[in-house]
Amino acid sequence: MSNTYRALPSLNALRAFEAAGRHLNFRAAADELFVTQGAVAQQVRILEEYMGFALFQRLPKGVALTSQGAIYFAEVTRAFEILKKATTQVLKEPKTVTISVTPTFATKLLLPNLSALATAVPDVDLRTVATESIADFDRDQVDIAVRLTRPPFFTSFDTQLLFKQKLVAVANPYFVADITLPISLERLKEMPLLHDSHNHWPRFLNTTDKLPGAVFNQTALALDAALAGQGVAIACQAFVKADLSAGRLVQVSELDLTVEPDYYLIRKRTSVSQSAVDAVWEWFIENLVIG
């Protein structure tokens, strides 16, 4: 299919013409554009050849716009003003960074620290997507993701280990108020257990027996049930650290179990400068990496 649009003139030629039209002097235009007077004259000639008519009258001192040149100058000036306004508007708009995290990570780690992150990157609009689905960085327009994964990784991605899955059993302190802690594994098997989609209880308790208790599709929901005194939940220690420190939960067993995969910070590598994404990435590393 043939191109029905005529090619635009050279941008360098238009810039030279616009500057010369404002100054009505090739030397002054050259000084503004940091080129030689001859370069401005050459670009104007190129534009005149393209247009098919003279844009300037050459005078002993300076130049004057021809009638057609004056009409074209007004339109070119208006076009440059539109470009200037559009550029200024875009540069003033806050950068948006989209973070894709698992629901439990969002609830237990990101949201409690969101104000600190926003303070650290005040010129960035943060967009959070909570999902267990694999992130498609291009299709979903995701800049940074947090996922359970393991090496090896594609060379097209940057990765940073945040923390390993160190599982602990927790409950509301009032729920176990009449029980001597720590609870043995045999005693734990008899208690109301709160399960999630990861189904770590059989491995934690080293059993193949069917274990009773409520089942939730997300760890965050199982932890909410534990906070409400509905039973004992099992979760990554990083997700319950704040609740344990505040006394909202207690660890009911001395046993902990580290399982794979681990929680990683991931982003797609690019040669384009992304200062906003870099700032959020560094904040995650400085504040959410747990040794």
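Keep in mind that this is a model prediction, so the values were computed, not measured. Each chain carries its own residue numbering, running from 1 in the direction its sequence is written. Where totals are concerned, whole chains, interfaces and linings use all residues; where local detail is concerned, this predicted model gives features only for residues with pLDDT of at least 70, and gives and counts side-chain atom pairs only at 80 or more. With hydrogens and water excluded, all non-hydrogen atoms of the structure serve as input to the side-chain values.

A. Main features of the overall build of the protein chain. Each helix and strand in the protein chain was counted, giving 11 helices and 10 strands. If one aligns the C-alpha atoms of the protein chain with their principal axes, the spans along those axes are about 105 × 45 × 25 Å. Within the protein chain, the proportion of its 291 residues that are buried is 38%. The method behind every accessible area is Shrake-Rupley, applied with a 1.4 Å probe, and residues are considered shielded solely by the protein chains displayed. Of the accessible surface of the protein chain, which amounts to about 17100 Å², a share of 53% is contributed by carbon and sulfur atoms. A gap of 7 Å separates the mean positions of the 28 positive and 30 negative side-chain charges of the protein chain. Note on conventions: DSSP H or I runs of at least 4 residues are helices, E runs of at least 2 residues are strands, and numbering of each starts at the N terminus. Buried means the residue's accessible area, taken with a 1.4 Å probe over protein chains only, is under 20% of the maximum for its type, while exposed means over 50%, and partly exposed covers the values in between. The charged-residue count follows a simple rule in which Lys and Arg add positive charge and Asp and Glu add negative charge, with His and chain termini not counted at all. Positions of charges follow a simple convention, taking NZ of Lys, CZ of Arg, CG of Asp or CD of Glu.

B. The pairing of strand E10 (residues 257-268), seen in detail. Of all the 12 residues making up E10, 9 are buried; the element is thus mostly covered by neighbouring parts of the structure. Should DSSP find at least two bridges between two strands, the strands are regarded as paired. Sheet analysis places strand E5 (residues 144-149) next to E10, joined by 5 bridges and oriented antiparallel. Following the sheet pairing, Arg147 is matched in E10 by Tyr264. Bridge count for strand E6 (residues 157-171) against E10 is 9 bridges, and the pairing is antiparallel. The partner of Gln160 across the bridge, within E10, is Leu265.

C. Fine view of the nonpolar core. Among buried residues, the Ala, Val, Leu, Ile, Met, Phe, Trp, Tyr and Cys ones that are joined through side-chain atoms within 4.5 Å form a nonpolar core. Ranked by internal contacts, the top residues of the largest apolar core, which has 37 residues, are Phe105, Leu117, Val146, Phe163, Phe239, Val280 and Phe284. Here this core takes 7 residues from helix H11 (residues 275-288), the largest share from any one element. We call two residues contacting when some pair of their heavy atoms lies within 4.5 Å. In contact with Phe284, not counting residues within four places along its chain, are Ile99, Phe105, Leu110, Leu117, Val146, Leu162, Leu265 and Val289. Counting 20 residues, the second-largest nonpolar core is a separate cluster that includes Leu14, Val44, Val63 and Tyr72.

D. Summary view of the packing of helix H5 (residues 103-110) against helix H9 (residues 219-227). Lines fitted to C-alpha atoms define the axes here, with helix axes fitted over just the stretch in contact, and angles between the N-to-C directions of these axes take values from 0 to 180 degrees. Interhelical geometry of H5 versus H9 gives an angle of 50 degrees and a closest axis separation of 7 Å. With respect to each other, H5 and H9 are oriented oblique. Residue-level inspection shows Thr104, Thr107 and Lys108 of H5 in contact with H9, the latter providing Thr219, Ala220, Leu223, Asp224 and Leu227. The nonpolar class holds Ala, Val, Leu, Ile, Met, Phe, Trp, Tyr, Cys and Pro. Asp, Glu, Lys and Arg form the charged class, and all remaining residues, Gly among them, are polar. Considered class by class, the residues forming the contact of H5 with H9 number 3 nonpolar, 3 polar and 2 charged. Relative orientations are named as follows: roughly parallel for angles under 35 degrees, roughly antiparallel for angles over 145 degrees, roughly perpendicular for angles from 65 to 115 degrees, and oblique for any other angle.

E. View of helix H3 (residues 37-51). Take the residue count of a helix, subtract one, and multiply by 1.5 Å to get its expected span. The end-to-end C-alpha distance of H3, which contains 15 residues, comes to 21 Å, matching closely the 21 Å that a straight helix rising 1.5 Å per residue would cover. Backbone geometry just downstream of H3 places Gly52 in the positive-phi region, at approximately 90 degrees.

F. Examining the packing of aromatic side chains more closely. Pairing of aromatic rings covers Phe, Tyr and Trp, the last through its six-membered ring, and needs centres within 6.5 Å; plane angles under 30 degrees mean stacked, over 60 mean edge-to-face, and all others mean tilted. Considering all chains together, one arrives at 13 aromatic pairs under this definition. With a centroid separation of 5.6 Å and an interplanar angle of 25 degrees, the aromatic rings of Phe17 and Tyr72 are classed as stacked. You can see Phe17 sitting in helix H1 (residues 11-23) and its partner Tyr72 sitting in helix H4 (residues 67-92), a full 55 residues away along the chain. Each member of the pair, Phe17 together with Tyr72, is buried. By the ring-pair criterion, three or more aromatic residues cluster together here, those being Phe105, Phe163, Phe239, Tyr263, Trp283 and Phe284. The aromatic ring of Trp281 is capped on one face by Arg267, whose charged end is 4.5 Å from the ring centroid. Only Lys NZ and Arg CZ are tested; either one counts as a charge over a ring when it is within 6 Å of the ring centre and within 35 degrees of the ring normal.

G. The arrangement of the environment of Ile134 in detail. Its place among the elements puts Ile134 in the loop between strand E4 (124-130) and E5. In this structure Ile134 comes out as exposed when scored by relative accessible area, which is 76%. In sequence terms Ile134 and Leu8 are 126 residues apart; their C-alpha atoms lie 44 Å from each other. Those residues in contact with Ile134 that lie beyond four places of it in its chain are Arg139, Asp140 and Arg147.

H. Quick look at the side chain of Thr207. Relative to the helices and strands, Thr207 resides in the loop between helix H8 (201-205) and H9. Residues within four places of Thr207 in sequence aside, it is in contact with Lys189 and Pro202.

I. Geometry of unusual backbone geometry. Of the consecutive residues Pro151 and Pro152, the connecting peptide bond is found in the cis state with omega at 5 degrees. For Pro152, the location among the structural elements is in the loop between E5 and E6. The amide bond that connects Leu181 to the next residue, Pro182, takes the cis arrangement and shows omega of 0 degrees. Its place among the elements puts Pro182 in the loop between E6 and helix H7 (185-189). In this structure, Leu24 takes a positive phi of about 50 degrees despite not being glycine. Within the secondary structure layout, Leu24 lies in the loop between H1 and helix H2 (26-33). Non-glycine residue Asn199 carries a positive phi angle of around 55 degrees. Within the secondary structure, Asn199 is located in the loop between strand E7 (193-194) and H8. Overall, Asn199 belongs to the partly exposed group, its relative accessible area being 46%.

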